Amino acid sequence: MHQYEKTGILCTKDFQIPSEEQLKKGVAILECVQEIPCNPCVASCPVHAISMKDINAPPMNDFEKCIGCTKCVGVCPGLAIFVIKKVGKKAWVTLPYEFVPVPKVGDTVQALDRTGSLRGTALVKKVIKQGKTMVITIEIESTFAMDIRNIRV
Ligand code: SF4
Ligand code: SF4
């Protein structure tokens, strides 16, 4: 049983986790565990890293193929895709964001974990629009790379 079925909150045992080397390269983590008919992430990937056994199966990322381009982040209707890249003692987390106001590059924002709890601050490094979704890249302490999944502006 997935942890989220007990608590409603995903934990790192519920989905594929890349190696430290893959995190240094920068890869997409697919925090998608529900079996629903959905697959825009598969079509969005320019290097065909994401695959699914069938339309209802959870997607899998081939971390060796993934180039961390972030193109899959904004297409996910479940806001379940995050690109993580470790850079020395920092980590860059690219996440989908659908609230207002939208932060600007250089802003300091609040860094939240999967439960919505405040875990510190983050520096906004990139802001792009992908369809209706903003895709925001933040810089945080590397130790929080697998925890921070949202921001509050
Ligand atoms: S980050 Fe880019 S290369 Fe990696 S899975 Fe997403 S779309 Fe594919
Ligand atoms: S687009 Fe998002 S919700 Fe749909 S299968 Fe891919 S990761 Fe899951």
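Refer to the structure above for everything that follows.
Residues numbered from 1 in each chain as written. Chains lettered and ligands numbered in written order. Predicted model: local features only at pLDDT ≥ 70, side-chain atom pairs only at ≥ 80, totals over all residues. Heavy atoms only, no water.

J.: Give a description of the overall build of the protein that names residues and reports values.
T.: A count of helices and strands for the protein gives three helices and nine strands. Listed by position from the N terminus, the elements making up the protein come as α-α-β-α-β-β-β-β-β-β-β-β. Here the C-alpha atoms of the protein give a radius of gyration of 15 Å, agreeing with the 15 Å that 2.2 N^0.38 yields for 153 residues. Counting only C-alpha atoms, the protein reaches 40 × 35 × 30 Å along its principal axes. Taking the contacts inside the protein whose residues are at least 6 apart along the sequence as the reference set, 57% of them involve residues at least 24 apart. Summed over all atoms, the accessible surface of the protein reaches about 8300 Å², with 56% contributed by carbon and sulfur. Across the protein, the 20 positively charged side chains and the 15 negatively charged ones have centroids separated by 5 Å. (Helix = DSSP H or I, 4+ residues; strand = E, 2+ residues; numbered from the N terminus. Rg over C-alpha atoms; globule rule 2.2 N^0.38 Å. Contact = heavy atoms within 4.5 Å. Areas by Shrake-Rupley, 256 points an atom, 1.4 Å probe, with all protein chains shown as cover. Lys, Arg positive; Asp, Glu negative; His and termini not counted. Charge placed at Lys NZ, Arg CZ, Asp CG, Glu CD.)

J.: Give me the site of ligand 2: which residues, what numbers.
T.: Residues in close proximity to ligand 2 include C32, C38, P40, C41, P59, C76, P77 and I81, which together make up its full environment. Classifying every residue of the shell around ligand 2 by side-chain character gives eight nonpolar, no polar and no charged. (Near = heavy atom within 4 Å. Nonpolar A, V, L, I, M, F, W, Y, C, P; charged D, E, K, R; others polar.)

J.: Let's hear about the environment of D147: which residues, and what values?
T.: Note that D147 resides in the loop between β8 (133–141) and β9 (148–152). The residues touching D147, leaving out its near neighbours within four places in the chain, are L112, D113, R114 and R119.

J.: I'd like a rundown of the sheet that holds strand β5 (residues 90–97), residues and numbers included.
T.: Ordered in space as β1-β4-β5-β8-β7-β6-β9, the seven strands form an open sheet in which the pairing is antiparallel. Looking at the sheet topology across the chains shown, the edges are occupied by β1 (27–30) and β9. For this sheet, the mean inter-axis angle between neighbouring strands, taken without regard to orientation, is 40°. Across five bridges, strand β4 (residues 81–87) lies against β5 in antiparallel orientation. (Pairing = 2+ DSSP bridges. Axes fitted to C-alpha atoms, helices over the stretch in contact; angles between N-to-C directions.)

J.: Can you lay out the packing of aromatic side chains for me, pointing to particular residues and giving the numbers?
T.: Counted under the stated rule, the structure contains one aromatic pair. Ring centres of Y97 and F99 lie 5.8 Å apart, and the angle between their planes is 65°; on these two criteria the pair is classed as edge-to-face. Using a relative accessible area of 55% as the deciding quantity, one classes F99 as exposed. Directly above the aromatic system of F82 lies the positively charged group of R149, at a separation of 5.2 Å from the ring centroid. (Phe/Tyr/Trp six-rings, centres within 6.5 Å; stacked < 30°, edge-to-face > 60°. Buried < 20%, exposed > 50% of the residue type's maximum accessible area, 1.4 Å probe, protein only. Lys NZ or Arg CZ within 6 Å of the ring centre and 35° of its normal.)

J.: Outline the pairing of β8, listing residues and values.
T.: Most of β8 is tucked away: eight of the nine residues are buried. Of the pairings in the sheet, the one linking β5 to β8 comprises eight bridges and is antiparallel in character. Directly across from L95, in β8, lies its bridge partner I136. Bridge count for strand β7 (residues 118–130) against β8 is seven bridges, and the pairing is antiparallel. Looking at the pairing, I128 lines up with V135 of β8. Counting the residues in the hairpin turn of β7 and β8 gives two residues, including G131, whose phi is positive at 65°.

J.: Please provide a residue-by-residue account of the nonpolar core, values included.
T.: Grouped together as the largest cluster of nonpolar side chains are 37 residues, with contacts concentrated most on I81, I84, L95, I136, I138, I140 and I151. Taken together, the elements giving at least two residues each to this core come down to β1, β4, β5, β6 (108–113), β7, β8 and β9. The dominant element in this core, judged by the number of residues it contributes, is β8, at five residues. In this structure I84 touches L23, G26, V27, I29, W92, V93, A145 and R149, once residues within four positions along its chain are discounted. (Core = buried A, V, L, I, M, F, W, Y, C linked by side-chain atoms within 4.5 Å.)

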